[in-house]
Amino acid sequence: MLAIIGGSGLTQLANLDVSHREVVRTPFGDPSGALTFGRIGGQSVVFLARHGYGHTIPPHMVNYRANLWALKEAKAGRIVSVASVGGIRQDLVPGSLVIPHQIIDYTWGRSSTFFESGVSQVVHVDFTYPYDEALRAELLRAAEAAGETILEGAVYAATQGPRLETAAEVDRLERDGADIVGMTGMPEAVLARELELPYAAICVVANWAAGRADSRDGIRFDHIEAILQAAMIRTRNVIAGLCSEEFCPS
Ligand code: HPA
């Protein structure tokens, strides 16, 4: 079963034919909300709104461990994360969709491992390539089949939030090699890896990062909603493509 974790702008999946919802508890506490089960095309899907269905949980307060654990328990076989980001690289204009290939983690104080206590040995997972390459490739092919332009490859800088960055911080992120900046990519990706769940992300560029282009004098929140709305329709098309017979033969 495919799991979708929806971020800002995607608190529900309009094309999900819902069968039922399930409130799940985990040894790590409660996930962000009930899991929503249903079908898209020929494929069983479970959906979870990362910030809660009322969009009330800020990035640093999301219980990432409970979310990932709940999805694993629900028999998710792979996870597609949808997340909004700020664009740093010049071609990543607001409204673009991009499949990142790397992560730099600037978050702190988040519970970022399942291997904390009660383990018989210290565990170090390999995280050289933080996203699942096969799932990334499928997303790219699904986007192409759906006629949606999606960019391949970006280094995702995960910042702590909930505040946005300063212009100097974005300059530093760029010097570090980051192309996009968001607040939820970690520890989500590493927790999926620890649970051996293939994980990839569709990032939606909501705005220019602080100090860039039309965010030079500050980030204009009034534009973001319209940009996200249009981009999420395109994201849903990509997900529908991924759920089609071609990628998920029944
Ligand atoms: N910075 C961090 N996270 C974000 C941004 C940003 O500019 N836009 C959307 N999520």
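Residues numbered from 1 in each chain as written. Predicted model: local features only at pLDDT ≥ 70, side-chain atom pairs only at ≥ 80, totals over all residues. Heavy atoms only, no water.

**Observations concerning the site of the ligand**
Taken together, the residues surrounding the ligand are Ser84, Val85, Gly86, Leu164, Glu165, Val181, Gly182, Met183 and Asn207. One nitrogen or oxygen atom from the side chain of Glu165 is found 2.8 Å from a nitrogen atom belonging to the ligand. At a separation of 3.5 Å, a nitrogen atom of the ligand approaches a polar backbone atom of Val181. Per-element accounting of the shell around the ligand gives the leading share, 3 residues, to strand 5 (residues 78–87). Residues that form the shell around the ligand fall into these classes: 4 nonpolar, 4 polar and 1 charged. (Near = heavy atom within 4 Å. Polar contact = N/O pair within 3.5 Å; in protein donor to acceptor, adjacent residues only side chain to side chain. Helix = DSSP H or I, 4+ residues; strand = E, 2+ residues; numbered from the N terminus. Nonpolar A, V, L, I, M, F, W, Y, C, P; charged D, E, K, R; others polar.)

**A few points about unusual backbone geometry**
Glycine aside, residues mostly have negative phi angles, and peptide bonds mostly take the trans form. Omega for the peptide link from Gly161 to Pro162 comes to 0°, which places this bond in the cis form. One can find Pro162 in the loop between strand 9 (155–158) and helix 3 (167–176). Along the chain, Met186 connects to Pro187 via a cis peptide bond; the corresponding omega equals 10°. Examined against the element boundaries, Pro187 turns out to sit in helix 4 (residues 185–194). Phi is positive for Ala213, close to 40°, though the residue is something other than glycine. Relative to the assigned elements, Ala213 resides in the loop between strand 11 (199–208) and helix 5 (221–242). The class for Ala213 is partly exposed, based on a relative accessible area of 39%. (Buried < 20%, exposed > 50% of the residue type's maximum accessible area, 1.4 Å probe, protein only.)

**Some points on the pattern of salt bridges**
One pass over the structure, following the stated rule, counts 14 salt bridges. Residue Arg65 pairs with Glu116 through a salt bridge whose shortest N-O separation is 3.2 Å. Here Arg65 is found in helix 1 (residues 64–73), whereas its partner Glu116 is found in the loop between strand 7 (102–105) and helix 2 (133–146), with 51 residues between them in sequence. Overall, the relative accessible area of 12% leaves Arg65 in the buried class. In this structure, the salt-bridge partner of Arg89 is Asp179, at a minimum N-O distance of 3.5 Å. Here Arg89 is found in the loop between strand 5 and strand 6 (97–99), whereas its partner Asp179 is found in the loop between helix 3 and strand 10 (180–182), with 90 residues between them in sequence. Each of Arg89, Asp91 and Asp179 takes part in a single network of salt bridges with overlapping partners. (Salt bridge = Lys/Arg side-chain N within 4 Å of Asp/Glu carboxyl O.)

**Quick notes on the environment of Glu148**
Of note, Glu148 is situated in the loop between helix 2 and strand 8 (151–152). It is 15 Å that separates the C-alpha atoms of Glu148 and Val93, two residues lying 55 residues apart in sequence. Not counting residues within four places of it along the chain, the set of residues in contact with Glu148 comprises Ala143, Arg234, Asn237 and Val238. Within the local environment of Glu148, its side chain forms a polar contact with the side chain of Asn237, the two groups lying 2.8 Å apart. (Contact = heavy atoms within 4.5 Å.)

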